[in-house]
Amino acid sequence: MSLSIVPLAIGAPQIILIIVVVLLLFGGRKIPELMRGLGSGIKEFKDASKEDPNDSKDKE
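Residues numbered from 1 in each chain as written. Predicted model: local features only at pLDDT ≥ 70, side-chain atom pairs only at ≥ 80, totals over all residues. Heavy atoms only, no water.

Caption draft 1: Just the overall build of the chain, in detail. A count of helices and strands for the chain gives three helices and zero strands. The helix and strand sequence of the chain, counted from the amino end, reads α-α-α. Sorting the 60 residues of the chain into buried and exposed places 0% on the buried side. Surface summary for the chain: the accessible area is close to 6,000 Å², and the carbon and sulfur share equals 66%. (Helix = DSSP H or I, 4+ residues; strand = E, 2+ residues; numbered from the N terminus. Buried < 20%, exposed > 50% of the residue type's maximum accessible area, 1.4 Å probe, protein only. Areas by Shrake-Rupley, 256 points an atom, 1.4 Å probe, with all protein chains shown as cover.)

Now the structure itself:
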């Protein structure tokens, strides 16, 4: 069976494995700090990707 045929299906066992690996790598105390950083990064990206039409006219 070719791997290109099988879609990237992530089930419960794979999610549990990912969580265990993350806990082993970073430890329980670092996870909230990492998630906070990830959340603020996503928020900044969304804010930067929103384009205000008035700003683009002012720059021209």
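There is more to say, and it comes next.
Caption draft 2: Up close: a nonpolar patch on the surface. Together, Leu17, Val21, Leu25, Phe26, Leu34, Met35, Leu38 and Ile42 make up an exposed nonpolar region whose accessible area comes to about 770 Å². Only α1 (12–26) and α2 (31–49) provide two or more residues apiece to the nonpolar patch. Its place among the elements puts Leu38 in helix α2. (Patch = residues over 30% accessible without salt bridge, like charges linked within 9 Å, V, L, I, M, F, W, Y side chains within 5 Å. Salt bridge = Lys/Arg side-chain N within 4 Å of Asp/Glu carboxyl O.)

Caption draft 3: Local environment of the confidence of the model for the chain. Put simply, the chain has an average pLDDT of 79, and 72% of its residues get 70 or more. For the chain, per-element mean pLDDT is lowest for helix α3 (residues 53–59), which scores 55, and highest for α2, which scores 90. (pLDDT = per-residue confidence, 0-100.)

Caption draft 4: Structural context of α1. An ideal rise of 1.5 Å per residue puts 21 Å on 15 residues; α1 measures up with 21 Å between its terminal C-alpha atoms. A positive phi of about 80° marks Gly27, the residue just after α1. (Expected span 1.5 Å × (residues − 1).)

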